[in-house]
Amino acid sequence: MNYEFLKNEDPDVYRTIAGEQKREAEGLELIPSENYVSPAVQEALGSIFTNKYAEGFPGKRYYGGQRFTDEVESLAIERAKELFHCDHANVQPLSGAPANWGVFAAWLEPGDTVLGMDLSHGGHLTHGAPVTFAAKIFNFVRYKMKDVETGEIDYDELRELALKHKPKIILAGFSAYPREYDYAKFAEIANEVGAVAMADMAHIAGLIVAGVAKNPFDYGFHVMTTTTHKTLRGPRGGMILSRGEVSSPLKAPAKTIENLPTLIDRAVFPGMQGGPHMHQIAATAVCLAEAATPEFRSYARQILVNAKTLADALMAGGAKLVTNGTDNHLMLVDCMRSWGLDGKVVEELLDSVGITLNKNAVPDDVNPPFRPSGIRLGTPACTTRGMKEVEMEKIAELILQTVKIAEGAPREALKERSGELKKVHSDVKALCARFPIPSM
Ligand SMILES: *Cc1c(COP(=O)(O)O)cnc(C)c1O
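Rules of the game
- Residues numbered from 1 in each chain as written.
- Predicted model: local features only at pLDDT ≥ 70, side-chain atom pairs only at ≥ 80, totals over all residues.
- Heavy atoms only, no water.
- UniProt positions renumbered as here; feature names shortened; annotations may be inferred.
- Near = heavy atom within 4 Å.
- Polar contact = N/O pair within 3.5 Å; in protein donor to acceptor, adjacent residues only side chain to side chain.
- Helix = DSSP H or I, 4+ residues; strand = E, 2+ residues; numbered from the N terminus.
- Pairing = 2+ DSSP bridges.
- Axes fitted to C-alpha atoms, helices over the stretch in contact; angles between N-to-C directions.
- Contact = heavy atoms within 4.5 Å.
- Buried < 20%, exposed > 50% of the residue type's maximum accessible area, 1.4 Å probe, protein only.
- Domains from an automatic or database assignment.
- Buried area = accessible area lost by both parts, 1.4 Å probe.
- Salt bridge = Lys/Arg side-chain N within 4 Å of Asp/Glu carboxyl O.

Naming follows an unreviewed UniProt entry, where the protein appears as Serine hydroxymethyltransferase. Taken from UniProt, the Catalytic activity (unreviewed entry) comment for the protein reads in full: "(6R)-5,10-methylene-5,6,7,8-tetrahydrofolate + glycine + H2O = (6S)-5,6,7,8-tetrahydrofolate + L-serine". Turning to the protein, the UniProt record has this under Subcellular location (unreviewed entry): "Cytoplasm".

Shown next, in the form of structure tokens:
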């Protein structure tokens, strides 16, 4: 994009975009929830569909002029259903958090219980962190890993909690868990207690559609939420996918599992949202078509190969990883155990050399959330740039070098070592220069 109008009309905003463009191009992006969209996705997102109000659903709108909005939303819906092996897709949630709210609003009454993954064991904020509004309305109970060395979930505890608390939803999903779930066990327990089995696959949707991670729908799950902007590599957005057909979205149906698609549509609109973001939905349709290609499948495979290579190289260099490795696109380093440094210090240190990742709690972290013990990193973004195993080994080396510079040195002493940090930073820039970002 060349931004010729913006440059003239609003140089202040243009400067921020140009700055961000340079930052993304010159830096190594290791935040596992980030990615780079294709030029086609970016064009659709920047399209004139942003001008249009389209409250309602295809064929059932509250405003006129819907020929093309209906067409584009139907494209997104059909593509999503085919890719995720389900019968119904609501592509209107504005992002991942509203998608989860959509399911809560469709199925729960205030005071109902949700059984979700413990946050320090990898669960997401929207799964009932005490600071969320959802936590004021619903009752969240947590399950954990049985063994942090292997990462296996404690399914016995999960079942006991389910029998004891009678949750209306059992929620499988994570933003910081490097292993696969046993979805069949989740679904079995949900069925035993009459709960909806809900999967929040925000992080790994791209891996699922590429067939390199399991699809919860293949193991009896009732509903799945996801973002569209993480491994799926689309615009920022969310979707709710489910089994079964919409009956009549105009009448309030009974709360049965068969009625979930109808309940979900009504919860999203008019329950929670107003007009859908049609430009975002158009871009979602584009990313879903891209995700159905053989190129995308090799991309997803490479994400995993890269993550394993990076994890192995970090561990070979002395880093201690939560669950001792990874089966997906992300990993957690316990920085306290590895280097005696907390996650915030390591995040800032790596930021100073152009390596972006985030501090993160480790299971049952004794450190506070703003200064947790670990960092979380992943490979979706750098794999989109075309980086492979050799580059992953280089990245591990750059991370370990940077940490070594700080290890044992008091903060004040880091200034004296700024020369060494500058050298690493120029190596980072040189690596990035060889792998341009697709939409620039
Ligand atoms: C990222 C994420 C979300 C929230 O998505 P937003 O688009 O940031 O609202 C929800 N659930 C999980 C598991 C996530 O990883």
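**Q** Can you break down the site of the ligand residue by residue, with the values?
**A** Neighbouring the ligand are 14 residues; Ser95, Ala97, Asp200, His203 and Lys230 lie closest to it. Ala97 places a polar main-chain atom, nitrogen or oxygen, 2.8 Å from an oxygen atom of the ligand. Looking at the shell around the ligand, the element that brings in the most residues is helix α5 (residues 96–107), giving three residues.

**Q** Break down the sheet that holds strand β14 (residues 374–378) for me, with residues and values.
**A** Taking strand neighbours across the sheet as the criterion, the three strands line up as β11-β14-β13 in an open arrangement whose pairing is antiparallel. The open sheet has two edge strands with one neighbour each: β11 (330–334) and β13 (358–360). Across the sheet, the mean angle from the axis of one strand to that of its neighbour is 35°, orientation sign disregarded. Each of β11 and β14 is contacted by helix α12 (residues 294–316), which is oriented at about 15° to β11, the strand it contacts most.

**Q** Lay out the UniProt feature "binding site: (6S)-5,6,7,8-tetrahydrofolate" (unreviewed entry) in the protein with the relevant residues and their values.
**A** The UniProt record annotates "binding site: (6S)-5,6,7,8-tetrahydrofolate" (unreviewed entry) at Leu119, Gly123, His124 and Leu125. Topologically, Gly123 is positioned in the loop between β5 (113–117) and α6 (133–137). Take Gly123: its relative accessible area is 9%, and that puts it in the buried class. Those residues in contact with Gly123, other than ones at most four positions away along the chain, are Met117, Asp118, Gly173, Phe174 and Ser175. Following the sequence through the fold, His124 ends up in the loop between β5 and α6.

**Q** Please give an account of the domain arrangement of the protein that cites residues and values.
**A** Domain boundaries assigned for the protein yield domain 1 (44–291) and domain 2 (294–433). Distance from the C-alpha centre of domain 1 to the C-alpha centre of domain 2: 30 Å. Facing the 27 residues of domain 1 at the interface are 26 residues of domain 2. Around 2,200 Å² of area is buried between domain 1 and domain 2 when both sides are counted, 57% of it from carbon and sulfur atoms. Broken down residue by residue, the surface that domain 1 buries against domain 2 is led by Pro178, Arg179 and Arg233, which jointly contribute 28%. Between Arg179 and Asp327 there is a salt bridge, and its shortest N-O distance comes to 3.0 Å. Where domain 1 meets domain 2, there are 14 residue pairs in polar contact (both at pLDDT 80 or more). Every element with two or more residues in the side of domain 1 that touches domain 2 is listed here: α9 (205–209) and α11 (278–291). For the side of domain 1 that touches domain 2, the element with the most residues is α9, which contributes three residues.

**Q** Hey, could you go over the pairing of β11 for me, with residue numbers and the actual values?
**A** Burial within β11 is extensive, with five of its five residues counted as buried. Judged by which residues are buried, β11 turns out to be covered on both faces: Leu330, Leu332 and Asp334 on one side and Met331 and Val333 on the other are all buried. Sheet topology note: the β11/β14 ladder contains five bridges and is antiparallel. Within β14, the residue paired with Leu330 across the bridge is Gly378.

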